[in-house]
Amino acid sequence: MNLQIAAQINSFLAAFVLLTAFAMLVQKRIYSLIHIFAWQGLLLSINTAIVGYVANKHHLYISSIMTLSLKVFVLPYILHVLVVRLKIRKEVETLVNIPMTMLIGLALVIFSYHLMAPVSELSHLITKSTLAIALATVLIGLLMMITRKHAVTQIIGFLAMENGLFFAATSATYGMPLVVELGVALDVLIAAFIFGIFFFHIHTTFDSLDVEQMAKLKEGD
Amino acid sequence: MTLLILLGVPLVAALILAFVGERKLAPEINIFGSAATCAAGFMLALQVYEQGPMMAGGKFFFVDAFNVYLAVLTSFVSMTTAVFSRRYMRREVEHGRVGHVQMRFYHAMFQLFIFAMLLCLLTNNIGVLWIAMELATLSTVLLVSLYRTPTAIEAAWKYFILCGVGISQALFGTVLLYFAAEKVLGEGGEALLWTNLSQVSGQLEPTVLSLAFVFLMVGYGTKVGLVPLHNWLPDAHSEGPTPISAVLSGLLLNIALYALVRCKVLVDGATHSHQAGNIMMGFGLLSVLVAAFSLLRQKDIKRMFSYSSIEHMGITTFAFGLGGPIATFGALLHMLVHSLAKSAIFFTVGHASQMHRTQDMDKIRGLFKGNPLVGWGMMFGVMAIVGMPPFGIFTSEFLILTATIKDAPLLTPFLLLGLGVAFAGLFRKVQQMVSGDIPDNQRSLKVAHLPVLLHMGLVLIIGLYLPDFLSRWFHTAVELLK
């Protein structure tokens, strides 16, 4: 494959990753959120495989397959099952209204480009232009965690951040060493079990997954 | 080999305890496992002391004076905590606060937590360091919510989310570090090995590294509990079981700081400036001041002492940031003595709150009369922690202050203000609790003497006379961190 074309495909996929990040930021329904999250995982997986092919880095195939299985199938499935079991139908309320969140998201993207410009200049990889998008994805995930007051959306925001980090590793250095990638995947999997248990605890204790109710622990009272 | 035992024992113990479960022997297995880990830790220290730094497992593990002393400390405090937790947790079961299923979970996770911390310390790969740090968080999240009360679940959720977010930033920092390292060292796992990185740190791209440090500082700083990233810490400490508060305060915060310091050494090498140090000094000083004033307002005994932990981590971070031989020596010593004294305090706090069945300081009274060991233990613990001579913390704080007066005289008053306020706040509260007559709500209890006496004894000995091997050890570590 021609390097020029590969770089373009890479940028194209990166644009879609950013699009899914914004889609998650504005999506109110939990089912749709989980679906968008799965799509984001699929885009990352394809991107990783292409980068692996072009750069001739075989360990990226393993990362790609791991991403495919973990982020496209396992995690969305677990989330789906939990949402069905806990009978969550309510639409998610946002703390800040959606147009405002979009604007903050835009500002974050610009900020990421500004921050990553000197780093991208040093890079000679075909993926160098997407590093800023990776950071933007991380920051938008963070924004989502802050603006949503529902346990499931906070977790999806957390996982979206993790997606952004994975993307950053692929863009900056063609992926971290395999040991590290495997370890990170293992941590994400453990985290998935933990938040699964958590959802049940929160649900039985507070009778809903609205994090707003958890505000007993305050300072100085 | 010793290294393998050191890491293997807690992992195997975690598996065994997961299967043994609620049977009567579980606490004893827990103690036995931790004791074996501790023995292995001392053996490893002896090896390093005699033969100098070493690598094992194909460069995967690296042991030098800096991390081996923390490994010994970690395994030692986890052993004494296991001893303390045997009786403490049994009583919590009797009081009906935890069920048998949770106890199985508690023991297995305790060992897994120790494993994660030791892996953090001993690994040579800064990527694996990150993974182990995340594992340490994950293994303690459900321990914080062990009591399943609404507040405990809230605290654990906060801990999970905030530390998850924080540590993600650290991973981004690690990616950037790898990006810079790859250019010099070539790609593959070799470029993330600390031993390789520290050799070539002068050639790493300074702009990338200073950017990476910001992310690493925010990430690991969240776990150290530095203000303004400290929100999770008082909640997690006050709502979790006391043995867990003791190891969180005494060990986990140290480990996170260790990770930060390792990264700082690399960044300093690349940038040839004091930039990373200045950032650390800023965060450290802010933590000291905010924590000192916050602890004045606390009503919950464990919350108060968790703010004191933030204060002390602030002092240590400040000292590492200040750099120079005296401050670094002080910081290393401070990590050691704070860890010992703070876990001892948490042991006595655990006993005191069990005697009164509350963590509300207004309802805890008459500890001297009720149980002299608990009362005097807490009194001496607090005297040590506020930095009164002849305890070890006096020595370390004195060193840090001397270095501050010399290198950053303008900051000295702020540091002193923080120390003074914390001193007054802690003393006022503790004096009320230990003195007076035995109140109606107090019950007498059998307590575990050994952990408190051992820790306080060590803090006292270090304060009176710093053993030769320890000071030589610290000097070697100071050389490493230059």
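Only a predicted model underlies this, so the values are computations on that prediction, with no experimental measurement involved.

Details of the packing of helix α7 (residues 178–206) of chain A against helix α6 (residues 150–185) of chain B
Then comes step 1: Running from N to C, α7 of chain A and α6 of chain B cross one another at 155°; their axes reach a closest spacing of 10 Å. Taken together, α7 of chain A and α6 of chain B sit at an angle that is classed as roughly antiparallel. For the crossing formed where α7 of chain A meets α6 of chain B, the hand is left-handed. Two secondary-structure elements touch here, α7 of chain A through Val 184, Ala 191, Ile 194, Phe 195, Phe 198, Phe 199, His 201, Ile 202, Thr 205 and Phe 206 of chain A and α6 of chain B through Pro 150, Ile 153, Ala 156, Trp 157, Phe 160 and Leu 171 of chain B.
Then comes step 2: Of the residues belonging to the contact of α7 of chain A with α6 of chain B, the class tally is 14 nonpolar, two polar and no charged.

A few points about the nonpolar core
Soluble globular proteins tend to bury their nonpolar side chains together.
Then comes step 1: Phe 198 and Phe 199 of chain A together with Leu 122, Trp 157, Phe 160, Tyr 220 and Phe 305 of chain B are the most contacted members of the largest nonpolar core, which has 273 residues in total.
Then comes step 2: Among the elements that line this core, the one with the most residues is α6 of chain B, at 20 residues.
Then comes step 3: Setting aside residues no more than four positions away along its own chain, Phe 305 of chain B makes contact with Lys 342, Ile 345, Phe 346, Val 349, Val 382, Leu 426 and Val 430 of chain B.

Examining the interface of chain A and chain B
Then comes step 1: At the interface, 50 residues of chain A touch 53 residues of chain B.
Then comes step 2: Roughly 4,400 Å² of surface becomes buried between chain A and chain B when both sides are summed, with 77% attributable to carbon and sulfur atoms.
Then comes step 3: The tally of links between chain A and chain B comes to two residue pairs in polar contact (both at pLDDT 80 or more).
Then comes step 4: Every element with two or more residues in the side of chain A that touches chain B is listed here: α4 (98–122), α5 (131–147), α6 (151–173) and α7 of chain A.
Then comes step 5: Of the residues contributing to the side of chain A that touches chain B, the split by class is 34 nonpolar, nine polar and seven charged.

Some words on the packing of aromatic side chains
Then comes step 1: Under the counting rule described, the total for this entry stands at 23 aromatic pairs over all chains.
Then comes step 2: Ring plane angle 75° and centroid distance 5.5 Å describe the contact between Phe 198 of chain A and Trp 157 of chain B, whose orientation is recorded as edge-to-face. A residue pair is termed interchain when its members come from two chains, as with Phe 198 of chain A in helix α7 and Trp 157 of chain B in helix α6. In this structure, Phe 198 of chain A and Trp 157 of chain B share a single accessibility class: buried.
Then comes step 3: The cationic tip of Lys 183 of chain B hangs over the ring face of Phe 179 of chain B; the distance from NZ or CZ to the ring centre is 4.6 Å.

Examining the confidence of the model for chain B
In low-pLDDT regions, the fine details of the predicted coordinates are not to be read closely.
Then comes step 1: When pLDDT is averaged across chain B, the result is 91; 99% of the residues are at 70 or more.
Then comes step 2: Of all helices and strands in chain B, the one with the weakest mean pLDDT is strand β1 (residues 54–56) of chain B (84), whereas helix α12 (residues 301–322) of chain B scores best (95).

Remarks on helix α1 (residues 3–26) of chain A
Residue and element names in this part refer to chain A.
Then comes step 1: With 24 residues, α1 extends 35 Å between its outermost C-alpha atoms, agreeing within 8% with the 34 Å of an ideal straight helix rising 1.5 Å per residue.
Then comes step 2: What α1 keeps buried is the set Ala 6, Ala 7, Asn 10, Leu 13, Ala 14, Val 17, Leu 18, Thr 20, Ala 21, Phe 22, Met 24 and Leu 25.
Then comes step 3: Those residues of α1 that are buried are in contact with α2 (30–55), α4, α5 and α6.

Quick notes on a nonpolar patch on the surface
Residue and element names in this part refer to chain B.
Then comes step 1: Residues Leu 458, Leu 460, Ile 461, Leu 464 and Tyr 465 make up a contiguous nonpolar surface patch of roughly 480 Å² in combined accessible area.
Then comes step 2: Its location among the elements puts Tyr 465 in the loop between α18 (449–464) and α19 (468–480).
Then comes step 3: For Tyr 465, a relative accessible area of 54% translates into the label exposed.

Here we look at the pattern of salt bridges
Residues and elements named next belong to chain B.
Then comes step 1: Counted according to the given criterion, the structure contains twelve salt bridges over all chains.
Then comes step 2: The partner of Arg 86 in a salt bridge is Glu 28, and the shortest N-O contact between them spans 2.9 Å. One end of the pair, Arg 86, is in helix α3 (residues 65–94); the other, Glu 28, is in helix α2 (residues 26–51), with 58 residues separating them in the sequence.
Then comes step 3: Taking the relative accessible area as the measure of exposure, Glu 28 reaches 29% and is therefore partly exposed.
Then comes step 4: Each member of the salt-bridge network shares a partner with another, and the members are Lys 158, Asp 235 and Arg 303.

Procedures and definitions
Residues numbered from 1 in each chain as written. Chains lettered and ligands numbered in written order. Predicted model: local features only at pLDDT ≥ 70, side-chain atom pairs only at ≥ 80, totals over all residues. Heavy atoms only, no water. Axes fitted to C-alpha atoms, helices over the stretch in contact; angles between N-to-C directions. Helix = DSSP H or I, 4+ residues; strand = E, 2+ residues; numbered from the N terminus. Parallel < 35°, antiparallel > 145°, perpendicular 65-115°, else oblique. Left-handed = near helix turned anticlockwise from the far one by under 90°. Contact = heavy atoms within 4.5 Å. Nonpolar A, V, L, I, M, F, W, Y, C, P; charged D, E, K, R; others polar. Core = buried A, V, L, I, M, F, W, Y, C linked by side-chain atoms within 4.5 Å. Buried < 20%, exposed > 50% of the residue type's maximum accessible area, 1.4 Å probe, protein only. Buried area = accessible area lost by both parts, 1.4 Å probe. Polar contact = N/O pair within 3.5 Å; in protein donor to acceptor, adjacent residues only side chain to side chain. Phe/Tyr/Trp six-rings, centres within 6.5 Å; stacked < 30°, edge-to-face > 60°. Lys NZ or Arg CZ within 6 Å of the ring centre and 35° of its normal. pLDDT = per-residue confidence, 0-100. Expected span 1.5 Å × (residues − 1). Patch = residues over 30% accessible without salt bridge, like charges linked within 9 Å, V, L, I, M, F, W, Y side chains within 5 Å. Areas by Shrake-Rupley, 256 points an atom, 1.4 Å probe, with all protein chains shown as cover. Salt bridge = Lys/Arg side-chain N within 4 Å of Asp/Glu carboxyl O.

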